[in-house]
2 protein chains.
Amino acid sequence: MFQQDFTKPDGRKLTLYGLQPLEVTSEIPSPSNEPVDARPVMRWHPLRGEWVMYAAHRLGRTFLPPPEYNPLAPTSDPEHPTELPRGNYDLAVFDNRFPSLKLTAPEPEGDLSRAGVGACEVVVFSQSAAGRLSDLSDEQVSLLLSVWADRTTRLTASGVIKSVLCFENRGVEVGVTLHHPHGQIYAYDHIPPVQARMLEMTAKHQAETGRPWLTDFVQAEREAALRVLRDDGEALSVVPPFARYTYETWILPARPVSLLSELTDSERLAFARVFKDALLRLDALFGVRMPYLMTVHQAPVNTESSGFPLHIELYPYLRAAGRMKYLAGTEQGAGEFANDKFPEVAAQELRAVQNLEAKL
Amino acid sequence: MFQQDFTKPDGRKLTLYGLQPLEVTSEIPSPSNEPVDARPVMRWHPLRGEWVMYAAHRLGRTFLPPPEYNPLAPTSDPEHPTELPRGNYDLAVFDNRFPSLKLTAPEPEGDLSRAGVGACEVVVFSQSAAGRLSDLSDEQVSLLLSVWADRTTRLTASGVIKSVLCFENRGVEVGVTLHHPHGQIYAYDHIPPVQARMLEMTAKHQAETGRPWLTDFVQAEREAALRVLRDDGEALSVVPPFARYTYETWILPARPVSLLSELTDSERLAFARVFKDALLRLDALFGVRMPYLMTVHQAPVNTESSGFPLHIELYPYLRAAGRMKYLAGTEQGAGEFANDKFPEVAAQELRAVQNLEAKL
């Protein structure tokens, strides 16, 4: 992996990544040279016991710009600078111009709020605006896994970060404001509720059985052979038996590791192949680009977190052709999901999908 | 409050409620006389530590029927029976024909699942298909509060229910399949994650301070006088300082009670007035019927739960005119919300709203 760091005119950081040596053939741009005055704060929700982030400067963020202006494409007209330069590179990561969290967030006045310490980064998957993550080659998807690992390592090195969440939200149905294939990274200065719960549950499993949760899960799914979509030996995809979304799909390494950086080159490539295969299946299922949320779950950092299972969770938002799943009363009011289809049936449908390579 | 129980041709229960003596002038109908073979189950999510409900029979449920067929309106043509009879009544409650939970759910085979024990009811707010909850009179909204209290008491009496969630999901934007004003009730045979967390947090507050959480919260909001929308003495509405949705609004009694059934007649009417006022403000804010989720939080039942604060949470899905809030990476992947606007600003906008009575 090749990489190079830059600073944008407005002070934000940019890193370019490539499978080949990098070459940059234009200035390093920013849509505006004016630094964003981001002062994110957090407040404590006393009944849910979780932090809420407030970022008033985000209201002005880019919202479905016209096709002639794509801030995630390389700058073609220096009069209308984007976030990225021209040159030879595969992926790019830069500080979000409208961050919900910031490493240098100032301490606010008053006793309701605290500084919104953390980081928000944008990860551009490709120079091509029209493609999908699944249109990348296996090697490029593997590079993305390396990039997520590198960002996690860098954010961990700040010393103040406790948890790093890499994710992709895809589809206008779920609020995506820019169609260029990209994801985001949120890094928290504390362990958020979902990660805290996973850590608690898997530590309990390890204490009770002496085995990592992931080892037992992978073995059980291989034995049941009902919900596995693809098994490449070193990595596999599965509709978990407790899927909350109808076509929810998890990508797991076969060996229990906690961070992407722990994967060997061979494991990472297998993980990339299985991941790409799962994305293609979801699109081919109904012949449309499946709207989804994809989250990469890694162990909390700068803290004791052994036994946490590295995995990717894909939440496809269609529960049937043309029918969205919405989070309503029971999901939001009680924290429990209702699912119309058994995971075994959903897995069978996803395994039976044809024409994985159709362009959508 | 007047009420009367009936049994539908397919065996489901129906209760009619009214402010005046009831009169039923047609047969008690059901869209089909065929009992639905509902066998809901639950499975345990080992990483999130929560139950997931599976209800395969729900896939065939009613989805945006044409206007000429409204299953929640009184039956006008006996050839096309709906869920409700003709007659004089204000509200109706019946067993959901497509339940995610059922009191008599059979024990499933295999060791992955357990019976989906609980209840799912439909609450029809009015005989009029076109109105809103906020188009009801104060007395009718107060009747709805009494009906929710009655359902909670009845479900509690089953002995197997631990938590009752009354809610309304409104707007096609959030998956509503029937436009006739109605809500739902989910009753669980365990304490779901959100209620468990609220119970834990408020019990801790009570143990540390000797005071109910609600007492301190109401006092602090009255003193701050920044986020209260309307204060009727016995009940008030407020954008909480830790709002997760931009225009999130809570309705609270001024006296700390745990269940709707504990409200006095006067408190219930004040609560209804403030509740209706909040709903009207949300619609008037952008001059559209605000899509929202409304959840009624009551203490767990059949279990120790002192100090739990009865309140209603309104989650409006518009974060600005024409702009929906979506739950994306941080909300779903980490369990933490990002909000673009400070609650103090949102409260100011909601207080300044004019034309509350405009028909929308």
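Our subject is the structure listed above.
Below you will find a few notes about this structure. (Residues numbered from 1 in each chain as written. Chains lettered and ligands numbered in written order. Predicted model: local features only at pLDDT ≥ 70, side-chain atom pairs only at ≥ 80, totals over all residues.)

1. Quick word on the interface of chain B and chain A
What counts is decided by this rule: Each residue is represented by a C-beta atom placed from its backbone, and any two residues with such atoms within 7 Å are regarded as in contact. Each helix is a run of DSSP H or I of at least 4 residues and each strand a run of E of at least 2, with the numbering of both proceeding from the N terminus. Classification used: nonpolar for Ala, Val, Leu, Ile, Met, Phe, Trp, Tyr, Cys and Pro, charged for Asp, Glu, Lys and Arg, polar for all others including Gly. Strand pairing is defined by DSSP finding a minimum of two bridges between the two strands.
In this complex, chain B contributes 58 residues to the contact, which on the side of chain A involves 58 residues. Counting residues per element, the ones that place at least two in the side of chain B that touches chain A are β4 (41–45), β5 (50–54), β10 (163–170), β11 (182–188), α2 (193–209), β15 (292–297), α5 (329–334) and β19 (337–339) of chain B. Per-element tally for the side of chain B that touches chain A: the top contributor is α2 of chain B, with seven residues. When the residues that make up the side of chain B that touches chain A are grouped by side-chain class, the tally is 34 nonpolar, 15 polar and nine charged. As paired elements, strand β19 (residues 337–339) of chain A and β5 of chain B share three bridges and run parallel to each other. Following the sheet pairing, Phe 337 of chain A is matched in β5 of chain B by Val 52 of chain B.

2. Structural notes on unusual backbone geometry
A negative phi angle is the norm for most residues apart from glycine, just as the trans form is the norm for most peptide bonds. All names here are of chain A. The phi dihedral of Ala 225 falls on the positive side, at around 55°, and the residue is not glycine. One can find Ala 225 in the loop between α3 (213–224) and β12 (228–231). With a phi angle near 55°, Asn 302 is a residue other than glycine that sits in the positive phi range. Along the chain, Asn 302 turns up in the loop between β15 (292–297) and β16 (311–316).

3. Details of the packing of helix α1 (residues 138–157) of chain B against helix α4 (residues 265–286) of chain B
Geometrically, a packed helix pair is captured by the angle between its two axes and the distance between the axes. Residues and elements named next belong to chain B. Applied cut-off: Axis lines are fitted through C-alpha atoms, for helices just across the contact stretch, and the angle between N-to-C directions can take any value from 0 to 180 degrees. Angle categories: roughly parallel below 35 degrees, roughly antiparallel above 145, roughly perpendicular from 65 to 115, and oblique for all the rest. Helix crossings are classified by the rotation of the near helix relative to the far one: an anticlockwise turn of less than a right angle makes the crossing left-handed, while a clockwise turn makes it right-handed.
Where α1 meets α4, the closest approach of the two axes is 8 Å, and the angle between their N-to-C directions is 110°. As judged from the angle between their axes, α1 and α4 are roughly perpendicular. Crossing of α1 against α4: the hand is right-handed. Contact residues: Asp 138, Val 141, Ser 142, Leu 145 and Ser 146 in α1; Arg 268, Leu 269, Phe 271, Ala 272, Arg 273, Phe 275 and Lys 276 in α4. Residue composition of the contact of α1 with α4, grouped by class: six nonpolar, two polar and four charged.

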